[in-house]
Amino acid sequence: MKPVTAGASAPVQILDCTLRDGGYYNDWDYAFDLVARYVDAMAAARIDVCELGFRTLATDKYLGATAFTTDEFIDAMNVPASLQLAVMLNAKEINAAADPRVILRRHFAPRSRSKASLERIAATVNEVDALGPAIDELRDLGYDVALNL
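Remember, it's a predicted structure, so these values are computed and weren't measured experimentally.

Our next topic: the sheet that holds strand S2 (residues 49–54). Sheet architecture is open: five strands sit in the order S1-S2-S3-S4-S5, paired in parallel fashion. The open sheet is flanked by strand S1 (15–16) and strand S5 (144–148), the only strands paired with a single partner. Relative to S5, helix H6 (residues 132–140) is tilted by about 150 degrees, and along the sheet it contacts strand S3 (84–90), strand S4 (116–122) and S5.

Scanning the entire structure with this criterion turns up eight salt bridges. Residue glutamate 51 pairs with arginine 20 through a salt bridge whose shortest N-O separation is 2.6 Å. Of this pair, glutamate 51 sits in strand S2 while arginine 20 sits in helix H1 (residues 18–22), and the two are 31 residues apart along the sequence. The exposure class of glutamate 51 is buried, given its relative accessible area of 0%.

Sheet topology places S4 next to S5; five bridges connect them, and they run parallel. Across the sheet, the residue bridging to arginine 120 is alanine 146, located in S5.

Attention shifts here to the nonpolar core. Counting residues in hydrophobic clusters, the biggest one holds 18 residues, and the most contacted among them are Leu89, Ile94, Leu104, Phe108, Ile121, Leu131 and Leu138. Elements supplying a minimum of two residues to this core: S3, helix H4 (91–96), helix H5 (100–107) and H6. Sorting elements by how many residues they give to this core places H6 first, with three residues. Other than its neighbours up to four places away in sequence, leucine 138 contacts Leu89, Leu104, Phe108, Glu119, Ile121, Tyr143 and Val145. Val35, Val79, Leu85 and Ala116 belong to the second largest nonpolar core, which has 17 residues in total.

Within the element layout of this structure, alanine 109 appears in the loop between H5 and S4. Once residues lying within four places of it in the same chain are set aside, the contact partners of alanine 109 are Asp71, Leu141 and Tyr143.

You will see that aspartate 27, though not glycine, has its phi angle at about 55 degrees, which is positive. Overall, the relative accessible area of 32% leaves aspartate 27 in the partly exposed class. For tryptophan 28, which is not a glycine, the phi torsion comes out positive at approximately 60 degrees. Exposure remark for tryptophan 28: the relative accessible area of 10% places this residue in the buried category.

In this structure, threonine 66 sits in the loop between S2 and helix H3 (71–75). A relative accessible area of 1% means that threonine 66 is categorised as buried. Looking at threonine 66, its side chain comes within polar contact range of the main-chain oxygen of tryptophan 28, at 3.0 Å. Setting aside residues no more than four positions away along its own chain, threonine 66 makes contact with Leu19, Trp28, Tyr30, Val35, Leu52, Gly53, Phe54 and Phe73.

Right, let's talk about the packing of aromatic side chains for a bit. Per the counting criterion, the structure on display carries five aromatic pairs. With 5.0 Å between their ring centres and 65 degrees between their planes, tyrosine 24 and tryptophan 28 make a pair best called edge-to-face. Note on phenylalanine 108 and tyrosine 143: the rings are 5.7 Å apart at their centroids and 70 degrees apart in plane angle, and the pair reads as edge-to-face. Here tyrosine 143 lies in the loop between H6 and S5 and phenylalanine 108 lies in the loop between H5 and S4, a separation of 35 residues in the sequence. Accessibility expressed as a relative area gives 2% for tyrosine 143, which makes it buried. An aromatic cluster is built from Tyr24, Trp28 and Phe54, whose rings are joined through pairwise contacts. Arginine 55 extends its terminal NZ or CZ atom over the ring of phenylalanine 108, reaching a point 4.6 Å from the ring centre.

Conventions used here
- Residues numbered from 1 in each chain as written.
- Predicted model: local features only at pLDDT ≥ 70, side-chain atom pairs only at ≥ 80, totals over all residues.
- Heavy atoms only, no water.
- Pairing = 2+ DSSP bridges.
- Helix = DSSP H or I, 4+ residues; strand = E, 2+ residues; numbered from the N terminus.
- Contact = heavy atoms within 4.5 Å.
- Axes fitted to C-alpha atoms, helices over the stretch in contact; angles between N-to-C directions.
- Salt bridge = Lys/Arg side-chain N within 4 Å of Asp/Glu carboxyl O.
- Buried < 20%, exposed > 50% of the residue type's maximum accessible area, 1.4 Å probe, protein only.
- Core = buried A, V, L, I, M, F, W, Y, C linked by side-chain atoms within 4.5 Å.
- Polar contact = N/O pair within 3.5 Å; in protein donor to acceptor, adjacent residues only side chain to side chain.
- Phe/Tyr/Trp six-rings, centres within 6.5 Å; stacked < 30°, edge-to-face > 60°.
- Lys NZ or Arg CZ within 6 Å of the ring centre and 35° of its normal.

So, in structure tokens, the structure goes:
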């Protein structure tokens, strides 16, 4: 997504996060076939951006595949070229890392090797100031970055 500046007109883009948001109810443990059909449905509905799930950086409990939404998981799907993919990160996980750049490089390949192009970071107002290095790292890797406040 391109940034919009004051006074500029930009086309509206629709982002669907139904699967990611719904994962709170089933620990992001969806059948792969359901996720693949969801991707197809989003493309058929002409949704611009489909947020598949989180890219959880660390956890000590079982969570399904869309809690991590790895590039390998995404690569197993036939994603239509018309559909942009996004994953969400939690600011608290990024800010808890000793070096956000190191942990992000561990979990994100360069954009040229990923079908996901947008990384959204869920943050509270108090977490935003510390996110600069992480946002820079994701941009250096080639991703578009958005904050979900």
